[in-house]
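# Close look at the chain arrangement
Chain by chain, the residues:
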Protein chains: 2
Amino acid sequence: MTSPLDLDLPAPELTAAICDIPSVSDDETALADAVESALRDRAHLRVDRDGDTVVARTELGRSERVILAGHLDTVPVAGNLPTRRDEHILWGRGTVDMKGGVAVALRLAAQLSAPSRDVTFIFYDHEEVEAAANGLGRVTRAHPEWLEADFAVLMEPSGGQVEGGCNGTLRVSVSTQGTAAHSARAWMGHNAIHDMADVLHRLVQYEPRRVEVDGLVYREGLNAVGISGGIAGNVIPDHCEVVVNHRFAPRHSVDDAYAHVCEVFTGYDVQLQDFAPGARPGLDHPAAQAFLAAVKAEPRPKYGWTDVSRFAVLGIPAVNYGPGDASLAHADDERVDVREIDGCEAHLRAWLSG
Amino acid sequence: MTSPLDLDLPAPELTAAICDIPSVSDDETALADAVESALRDRAHLRVDRDGDTVVARTELGRSERVILAGHLDTVPVAGNLPTRRDEHILWGRGTVDMKGGVAVALRLAAQLSAPSRDVTFIFYDHEEVEAAANGLGRVTRAHPEWLEADFAVLMEPSGGQVEGGCNGTLRVSVSTQGTAAHSARAWMGHNAIHDMADVLHRLVQYEPRRVEVDGLVYREGLNAVGISGGIAGNVIPDHCEVVVNHRFAPRHSVDDAYAHVCEVFTGYDVQLQDFAPGARPGLDHPAAQAFLAAVKAEPRPKYGWTDVSRFAVLGIPAVNYGPGDASLAHADDERVDVREIDGCEAHLRAWLSG
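The rules behind the values
- Residues numbered from 1 in each chain as written.
- Chains lettered and ligands numbered in written order.
- Predicted model: local features only at pLDDT ≥ 70, side-chain atom pairs only at ≥ 80, totals over all residues.
- Heavy atoms only, no water.
- Helix = DSSP H or I, 4+ residues; strand = E, 2+ residues; numbered from the N terminus.
- Buried < 20%, exposed > 50% of the residue type's maximum accessible area, 1.4 Å probe, protein only.
- Contact = heavy atoms within 4.5 Å.
- Areas by Shrake-Rupley, 256 points an atom, 1.4 Å probe, with all protein chains shown as cover.
- Lys, Arg positive; Asp, Glu negative; His and termini not counted.
- Charge placed at Lys NZ, Arg CZ, Asp CG, Glu CD.
- Pairing = 2+ DSSP bridges.
- Axes fitted to C-alpha atoms, helices over the stretch in contact; angles between N-to-C directions.
- pLDDT = per-residue confidence, 0-100.
- Parallel < 35°, antiparallel > 145°, perpendicular 65-115°, else oblique.
- Left-handed = near helix turned anticlockwise from the far one by under 90°.
- Nonpolar A, V, L, I, M, F, W, Y, C, P; charged D, E, K, R; others polar.
- Buried area = accessible area lost by both parts, 1.4 Å probe.
- Salt bridge = Lys/Arg side-chain N within 4 Å of Asp/Glu carboxyl O.
- Polar contact = N/O pair within 3.5 Å; in protein donor to acceptor, adjacent residues only side chain to side chain.
- Least-squares fit on C-alpha atoms with pLDDT ≥ 70 in both.
- Phe/Tyr/Trp six-rings, centres within 6.5 Å; stacked < 30°, edge-to-face > 60°.

### Notes on the overall build of chain A
Each helix and strand counted, chain A has 9 helices and 19 strands in total. Dimensions of chain A along its principal axes, counting C-alpha atoms only, are 80 × 45 × 40 Å. When each of the 354 residues of chain A is scored for burial, the buried share is 58%. Contacts in chain A between residues at least 24 apart in sequence constitute 77% of all its contacts with a sequence separation of at least 6. Element-wise, carbon and sulfur atoms account for 49% of the exposed surface of chain A, whose accessible area totals about 13400 Å². Side-chain charges in chain A split into 31 positive and 53 negative, and the spacing between the mean points of these groups amounts to 3 Å.

Given below as structure tokens:
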């Protein structure tokens, strides 16, 4: 099988080539096939596959094993493929989230036949959709031995910064209950939407906490992400529901965070909808210290939930480190400065060679 | 054509018979056919039909002509047909809204061959759905001569009370605009749902006016009837919309009422969605005075919008007067005390015979 991907292309060109194989979640097979066949050409790698997740590893018997991981899927294309290059800027879906990181990992996998640490490269599917479908989660359950390691780098875009751990996230619904009535005789009922004024007021008044964990300060958040209520245009509504997303520092368990939200909305019906725990940065581990020294970056906290939390659950310290500005992820004008891709690769190559 | 309706049945039995011909809006033809054929049997009536609206009139050359009107359609059946009778209580869809009134009008049409006033009986379709489909509105436009009269009684359930005029109604959408951002970095965006706290607070604080019109005091209302906002569970919402229903006294024009709502929501984007003007009670008209004397009732204001407003637009004073408790209209346990039906018929018969 000949791969359409040439892993010896410069990282920016390889990034463009990977982006130009569209791989919206649930449609990653073509790219996974290309990645798998390109890696199988390299004799120093053992390659495994599960669904559309490809795992390649060196087996050199080094005293330390690290993971470089990236997801292959993207959010839907928004007329922003194929990629286009404008001097240093590469535009298009996936350029930031996160095929620049995938390109770097693929080049390192292909070229470092004798890294200073054993390396497990993971290219996985279904990151951009519901958590239950996540390829990294699936492999964690099906082949936990593939993920054994001392330290992991998840190559999500971090602007070349090292982002330690991640905030946890949970969603609750907060409901108000009224009494329906014809809106011509509103005084016969009780308006559940009007009652939501107080709930929203509490959100407006809420001061998000800043929480220090292992030396990093995490900024939390409590935000309405949806609201709905109403029966018909002439009926006093008897129900209103707001969905609130809480982002909480990795010092707090999901239970603690949920209790906090319940306290904020004391007096209301608060139902937990879904959640994902945070991950402590864990930067005191020797492998993490060596990584920080090699990439010459001060760690900062990661606010968004990422799959580093999946490594944390396995007891593997993990950081986000990758090229691209995360705030451009999912944007129609998604783009990356390719010098960030080259810089990221140089740092990781130094770490894995030193 | 033989009608399945025997107009000489006692009014309660006739009400049950009419209810047992289901006639949910858009499906009134069977009942309209039955009404038309039953009325055509009466030689003293001229009968016209437009769609599923049947209009029957005496043509005696009286100095005064009055209208008795009722709609044939109901809201959807909720397992509450066929009707069942429990001593004085008749249960089932349509018993209140408004086949008791239709039964009374049909009996008077059939039996009063020489009323003291010429009478136009109108049985119309599509009252319970969007205003554009309303059969009375359609006939107003297609056959305005059918509706010429000095006074009209719309036989909507009013508990045997005379309800003068009706409040007007309008709906607006009030919107807030924010800036979308990932909810893990809420400070990069601006939450449009949180901004709605102030809008809802204004609704909570709002004191509805009470407005005297032609001697009747109308109670107004301003109520959220729907709210929506949100993009996804992890996105700070950039838009939120609340739909607000304003019920306003017939002293105010739609323009005045809309201006009032805009003032309440000063600083927000307020869009008029739909509206219907109110109707002044007009109880100073001699025909109305004679009616009030005959039914021996003190008039009170009507809060809900009803089709009396359609008569008001034609310059015809109109009241609501009919059997049944309006608060049971549309309810699954819709029911009427049949003595109210008999009482209503007796009063109208006295008026039209005196």
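### Structural notes on unusual backbone geometry
Of note, the bond from L81 of chain A into P82 of chain A is cis; its omega dihedral lies within 30 degrees of zero at -5°. Within the secondary structure, P82 of chain A sits in the loop between β3 (65-71) and β4 (84-86). Geometrically, the link from D97 of chain B to M98 of chain B is a cis peptide bond, its omega value of -5° lying close to zero. Along the polypeptide, M98 of chain B turns up in the loop between β5 (89-91) and α3 (99-111).

### Observations regarding the sheet that holds strand β4 (residues 84-86) of chain B
Residue and element names in this part refer to chain B. What the 3 strands build is an open sheet, ordered β4-β5-β19; its pairing is antiparallel. Single-partner strands in this sheet number two, and they are β4 and β19 (335-337). The mean inter-strand angle of the sheet, taken between neighbouring strand axes irrespective of direction, is 20°. One ladder, built from 3 bridges, connects β4 with β5; its direction is antiparallel. Opposite D86, over in β5, you have I89 as the bridge partner. Strands in contact with helix α9 (residues 338-353) are β4, β5 and β19; relative to β19, the strand with the most contacts, it is inclined by about 60°.

### Structural notes on the confidence of the model for chain A
Taken over all residues, the pLDDT of chain A has a mean of 94, while the share at 70 or more is 100%. Confidence estimates for the predicted assembly give a pTM of 0.75 and an ipTM of 0.75.

### Quick look at the packing of helix α1 (residues 11-19) of chain B against α3 of chain B
Residues and elements named next belong to chain B. The interhelical angle for the contact between α1 and α3, taken along N-to-C directions, is 120°, at an axis separation of 8 Å. Considering their axes alone, α1 and α3 lie oblique with respect to each other. The handedness of the crossing between α1 and α3 comes out as right-handed. Listed contacts from α3 to A11, L14, T15, I18 and C19 of α1 are K99, G100, V102, A103, L106 and R107. For the contact of α1 with α3, the class distribution of residues is 7 nonpolar, 2 polar and 2 charged.

### Regarding the sheet that holds strand β7 (residues 151-154) of chain A
Residues and elements named next belong to chain A. The 8 strands are arranged β1-β2-β6-β3-β7-β18-β8-β17 in an open sheet whose pairing can be described as mixed. Since the sheet does not close on itself, it has two edges, and those belong to β1 (46-50) and β17 (299-301), each with one partner. Adjacent strand axes in the sheet meet at a mean angle of 25° when their direction is disregarded. Of the strand pairs in this sheet, β3 and β7 are connected by 4 bridges, and their pairing is parallel. Within β7, the position partnered with L68 by the bridge is V153. Against the sheet, helix α2 (residues 29-40) makes contact with β1, β2 (53-57) and β6 (118-124), and its axis sits at roughly 160° relative to β1, the strand it touches most. Taken strand by strand, helix α7 (residues 286-295) contacts β7, β8 (162-164), β17 and β18 (318-320), and its axis lies near 45° from that of β7.

### Examining the interface of chain A and chain B
Counting residues at the interface gives 43 residues for chain A and 43 residues for chain B. In total, chain A and chain B occlude about 3100 Å² of area from one another, counting both sides; carbon and sulfur atoms represent 62% of this. On the chain A side of the contact with chain B, W187, H194 and I227 of chain A bury the most area, a combined 20% of that side's loss. The interface formed by chain A and chain B contains 0 salt bridges. The interface formed by chain A and chain B holds 14 residue pairs in polar contact (both at pLDDT 80 or more) in total. The set of elements that each furnish at least two residues to the side of chain A that touches chain B consists of α5 (192-205), β13 (221-229), β14 (235-236) and β15 (239-248) of chain A. In terms of strand pairing, β13 of chain A meets strand β13 (residues 221-230) of chain B through 4 bridges, oriented antiparallel. Its bridge partner being in β13 of chain B, G229 of chain A is matched across the sheet by I227 of chain B.

### Notes on the relation of the copies chain A and chain B
In this structure, two copies of a chain are linked by a rotation about an axis accompanied by a shift along it. For the pair chain A and chain B, the relating rotation is 180°, the translation along its axis is 0.1 Å, and the fit reaches an RMSD of 0.1 Å. Seen this way, the second copy is the image of the first under a two-fold rotation axis. Both copies share a contact surface, since 100% of the interface residues of chain A are interface residues in chain B too.

### Regarding the packing of aromatic side chains
Within the structure shown, the criterion is met by 10 aromatic pairs over all chains. For the ring pair F151 of chain A and W351 of chain A, a centre distance of 5.9 Å and an interplane angle of 90° mean the geometry is edge-to-face. One end of the pair, F151 of chain A, is in strand β7; the other, W351 of chain A, is in helix α9 (residues 338-353), and 200 residues separate them in sequence. W351 of chain A shares its class with F151 of chain A; the two are buried. Pairing F151 of chain B with F291 of chain B gives two aromatic rings, centres 5.5 Å apart and planes at 50°, and the pair type is tilted. With F151 of chain B in strand β7 (residues 151-154) and F291 of chain B in helix α7 (residues 286-295), the pair connects residues that are 140 residues apart, well separated along the chain.

### Digging into the pattern of salt bridges
Residues and elements named next belong to chain B. Under the defined criterion, the tally for this structure stands at 46 salt bridges over all chains. We note a salt bridge from D125 to R138, for which the minimum N-O separation is 2.9 Å. With D125 in the loop between β6 (118-124) and α4 (135-142) and R138 in helix α4, this residue pair connects regions lying 13 residues apart in the sequence. Overall, D125 belongs to the buried group, its relative accessible area being 2%. Since its relative accessible area comes to 22%, R138 is described here as partly exposed.

### Things to note about the packing of helix α3 (residues 99-111) of chain A against α9 of chain A
Residues and elements named next belong to chain A. Running from N to C, α3 and α9 point in directions that differ by 35°, and their axes come no closer than 10 Å. The way α3 lies across α9 gives a crossing that is right-handed. Of α9, the residues touching α3 (which contributes G100, V104, R107, L108 and Q111) are I341, C344, E345, L348, R349 and L352. The class makeup of the residues in the contact of α3 with α9 is 6 nonpolar, 2 polar and 3 charged.

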